[in-house]
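If you want the building blocks of each chain, they are given just below.
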Amino acid sequence: MTRPTPGNALKQLQHPLFENDPEADVTFCSTDGDMFHLQRKYLEANTGAFPGSEFDTRGEITHLTETSVVLHLLFQFVYPRREPSIEDIDFETLYALAEAAEKYEAFHAMTMCKIQMRSHVSKHPLEVLSHAARHDYPGLIQDAVPHLLRKPMVDVIEQLPTKFIVPWVRFRESWDSSFEQAIKGVLELRVVPPNTVTKHAIYFSRSLEPEICSICMVSVLTTLYKLKEMETVEDLKEALTKKRAKQAGCLSSACQYVNIVASTCANLKTKLDELPAFSTFVPTAAAPHNITNVSQKNNT
C-alpha cells in the first residue's frame, strides 16, 4: 500500500462533518474563509477555551486565526469519533495544529501533537523546543537537547524558559570544555623535527611519548575545530569514530599522526559520553522526572 504524501494526506483529512450539521449551534470561520458549524456541547466537554453555554454568540460567526486545514484537524479531536491521523502531515501543519490545540485547550489534540512532535525533533529541534518551552513540556525539551548542542547558544537561549537558561549555559560549557581539553592535549605534544630519523630513534621516541610533525599537528587541530562546529551530536559521534589515513604532507617518519588523531578522537568521544545529563544541571523543582543521559538518548 502506497504511503500518502503530505499533500494527499491533508486532502484526506478534510471532513464533511462540519459543513452541514443540523444540530450545530455555533459557527466558526477560518482565516481562509471556510465555515465550521459545530455543536457547543462537544466544545464544552472536550476543550477548555472555546465558548461554553454561558457565552452567547447571538448566532454570529466567530472568526478564528487558524487556517481551514488546521481547524478541520482540530475539530475532529473534539467530536466523539475516531481521531484523525496526523502522522503524515508536514511539520508546518503539525506545529500550527499543536499551537491551536494549546490555545483552545483541546486536551486530546494537545497530547497527540506532543507525541508526534517527537518524530520531528531531529529535523526541527528549535521549533520543537520553542513549542515545548512555551507550553511547559520539560520532557520534550529534553528530547530536543541532543539536537541543539551544536547550535549557536544564543539561538537556543532565545527559545528557553528562564529556569532552563543557566542550566543550558553550564551544560554547553561542559561540552565545550571537553573540546578545549582535547585541543590543549594536542598542543602539548612533542613536535618532531622535519627530517627522517633512524629506526632506533623511532623506536625510543614512540615508546616514551607521542610525537607529531608540525603539518600533522595542524591537521589534528583542524579536525577538532571542524568536529566542534558539527551541527548534530549524531554526526559528531559518527565523525569521531572515522578512521583517518596518514597525511600526505607529513614531514617526518617519526610522526605518529594516525595513532594520535585516533586516540584524540576516541578520548574525546569517551569524555562526551560520560558527561552528566542535562537534568543534573537543572534545579530539582524544574527537572523532568524521566530524563536520561543525552548521549544514551541520542543513540536510541
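Parameters and conventions
- Residues numbered from 1 in each chain as written.
- Predicted model: local features only at pLDDT ≥ 70, side-chain atom pairs only at ≥ 80, totals over all residues.
- Heavy atoms only, no water.
- Pairing = 2+ DSSP bridges.
- Helix = DSSP H or I, 4+ residues; strand = E, 2+ residues; numbered from the N terminus.
- Axes fitted to C-alpha atoms, helices over the stretch in contact; angles between N-to-C directions.
- Contact = heavy atoms within 4.5 Å.
- Core = buried A, V, L, I, M, F, W, Y, C linked by side-chain atoms within 4.5 Å.
- Buried < 20%, exposed > 50% of the residue type's maximum accessible area, 1.4 Å probe, protein only.
- Domains from an automatic or database assignment.
- Disulfide = S-S within 2.5 Å.
- Salt bridge = Lys/Arg side-chain N within 4 Å of Asp/Glu carboxyl O.
- Parallel < 35°, antiparallel > 145°, perpendicular 65-115°, else oblique.
- Left-handed = near helix turned anticlockwise from the far one by under 90°.
- Nonpolar A, V, L, I, M, F, W, Y, C, P; charged D, E, K, R; others polar.

Further remarks concern the sheet that holds strand E2 (residues 35–38). Pairing is mixed across the open sheet formed by three strands, whose spatial order is E2-E1-E3. The open sheet is flanked by E2 and strand E3 (61–63), the only strands paired with a single partner. For this sheet, the mean angle separating the axes of adjacent strands, direction not counted, is 30 degrees. Examined bridge by bridge, strand E1 (residues 26–29) and E3 share three bridges and lie parallel to one another. Following the sheet pairing, threonine 27 is matched in E3 by isoleucine 61. Sheet strands in contact with helix H3 (residues 68–78) are E1 and E2, and its direction is about 15 degrees off that of E2.

Moving on to the nonpolar core. Phe28, Leu38, Leu74, Phe75, Trp168 and Ile212 are the most contacted members of the largest nonpolar core, which totals 79 residues. Shared between two domains, this core takes at least three residues from each, and those domains are domain 1 (14–120) and domain 2 (167–193 + 210–277). Leaving out residues up to four positions away in the same chain, leucine 38 has contacts with Phe18, Ala24, Asp25, Val26, Phe28, Leu43, Phe75 and Tyr79.

This part is about the state of the cysteines. In protein chemistry, a disulfide is the covalent bond that joins the sulfur atoms of two cysteines. Under the definition given, this model contains zero disulfides. Looking at cysteine 213, it has no disulfide partner, and the nearest cysteine sulfur is the one in cysteine 216, 3.5 Å off. Classification of cysteine 213 by relative accessible area gives buried; the value is 0%.

All right, on to the pairing of E2 then. Here E2 shows a buried face lined by Phe36 and Leu38 and an unburied face lined by Met35 and His37. In this sheet, E2 lies alongside E1 in antiparallel orientation, the contact comprising four bridges. Residue threonine 27 lies in a different strand from E2, and its bridge partner there is histidine 37. Where E1 folds back onto E2 in an antiparallel hairpin, the turn is made up of five residues, including glycine 33, whose phi is positive at roughly 90 degrees.

Within the secondary structure, glutamate 23 is located in the loop between helix H1 (6–12) and E1. In the structure, glutamate 23 is positioned 14 residues away from histidine 37 in sequence and 8.7 Å away in space, judged by C-alpha atoms.

Side-chain pairs of opposite charge can arise whenever the charged atoms involved come near each other. Considering all chains together, one arrives at eight salt bridges under this definition. Of the charged contacts in the structure, one is a salt bridge between glutamate 66 and lysine 103, with a shortest N-O distance of 3.3 Å. Here glutamate 66, found in the loop between E3 and H3, pairs with lysine 103, found in helix H4 (residues 91–104); they are 37 residues apart in sequence, far enough to count as distant. The class for glutamate 66 is buried, based on a relative accessible area of 10%. Lysine 103 sits in the partly exposed class, given a relative accessible area of 42%. Note that arginine 118 and aspartate 143 form a salt bridge whose closest N and O atoms lie 2.3 Å from each other. Linking arginine 118 in the loop between helix H5 (107–117) and helix H6 (125–134) with aspartate 143 in helix H7 (residues 138–144), this pair joins segments that are 25 residues apart in sequence. Members of the salt-bridge network, linked through shared partners, are Lys237, Lys269 and Asp273.

Attention now goes to the packing of H3 against H4. Closest axis-to-axis distance for the H3/H4 pair is 9 Å, and the angle between their directions is 50 degrees. If you check the angle between H3 and H4, you find them oblique. The handedness of the crossing between H3 and H4 is right-handed. On the side of H3, the interface is formed by Val69, Val70, Leu73, Leu74 and Phe77, while H4 contributes Thr93, Ala96, Leu97, Ala100, Ala101 and Tyr104. Looking at the contact of H3 with H4 residue by residue, the classes come out as 10 nonpolar, one polar and no charged.

None of the figures reported here should be taken as evidence of function without further support.
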